[in-house]
Amino acid sequence: VKRLAIVYLIILLLPTIATMAPTKKKWLISSPQAIAEDERAAGTFTKDWLRSNPFPGASSSIDAKCKFLKGVHNCFEEELEDSLYMTSAPEGRDVVAKILLEHAPDKLYLQIRINRARLEKATL
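In this report, the structure presented in the accompanying data block is examined. All values reported here derive from a predicted model rather than from experimental measurement.

Criteria and cut-off values
Residues numbered from 1 in each chain as written. Predicted model: local features only at pLDDT ≥ 70, side-chain atom pairs only at ≥ 80, totals over all residues. Heavy atoms only, no water. Helix = DSSP H or I, 4+ residues; strand = E, 2+ residues; numbered from the N terminus. Contact = heavy atoms within 4.5 Å. Areas by Shrake-Rupley, 256 points an atom, 1.4 Å probe, with all protein chains shown as cover. Core = buried A, V, L, I, M, F, W, Y, C linked by side-chain atoms within 4.5 Å. Buried < 20%, exposed > 50% of the residue type's maximum accessible area, 1.4 Å probe, protein only. Axes fitted to C-alpha atoms, helices over the stretch in contact; angles between N-to-C directions. Parallel < 35°, antiparallel > 145°, perpendicular 65-115°, else oblique. Left-handed = near helix turned anticlockwise from the far one by under 90°. Nonpolar A, V, L, I, M, F, W, Y, C, P; charged D, E, K, R; others polar.

**Concerning the overall build of the protein**
Argument step 1. Within the protein one finds 5 helices and 0 strands.
Argument step 2. N-terminal to C-terminal, the α/β element order of the protein is α-α-α-α-α.
Argument step 3. When contacts within the protein are restricted to residue pairs at least 6 apart in sequence, long-range pairs at least 24 apart make up 44% of them.
Argument step 4. Surface summary for the protein: the accessible area is close to 10800 Å², and the carbon and sulfur share equals 60%.

In structure tokens:
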């Protein structure tokens, strides 16, 4: 009878345990299950947005990349409006930044133009 009661309690508590924050991470207010669901939803949003706004490629013009950014951001804005600002969708700029970083070259050369007075102040 005791074993049956314990099994019954475990069956009742399993859904509750899955939705609780882990005890080792007391600062975490979401459950691991909720975090996983948010990540899945974010992935779904990202796939849908990229399907309607494909990345133009690393060698494309700045205008094409800006158009890509605007298209993804507009998808994010529409999702916010449709869900009344209660969405788990990732920020449009974060999606674009991740894609641009994936396609970035290993080395970049940066050219800075600065007047002599500012350069002298910076080196003092």
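**Digging into the nonpolar core**
Argument step 1. Counting residues in hydrophobic clusters, the biggest one holds 11 residues: Phe 45, Trp 49, Phe 68, Val 72, Cys 75, Phe 76, Leu 80, Ala 89, Val 95, Val 96 and Ile 99.
Argument step 2. Elements with a contribution of two residues or more to this core: helix 2 (32-52), helix 3 (62-82) and helix 4 (92-102).
Argument step 3. Here this core gets 5 residues from one element, more than from any other, and that element is helix 3.

**Focus: the packing of helix 2 against helix 3**
Argument step 1. Two numbers describe how helix 2 lies on helix 3: the axes approach to 10 Å, and their chain directions differ by 130°. Classed by the angle they form, the pair helix 2 and helix 3 counts as oblique. Regarding helix 2 and helix 3, the two cross each other, and that crossing is right-handed. Residue-level contacts link Phe 45, Trp 49, Leu 50 and Ser 52 of helix 2 to Phe 68, Val 72, Cys 75, Phe 76 and Glu 79 of helix 3.
Argument step 2. The residue inventory of the contact of helix 2 with helix 3, partitioned by class, reads 7 nonpolar, 1 polar and 1 charged.

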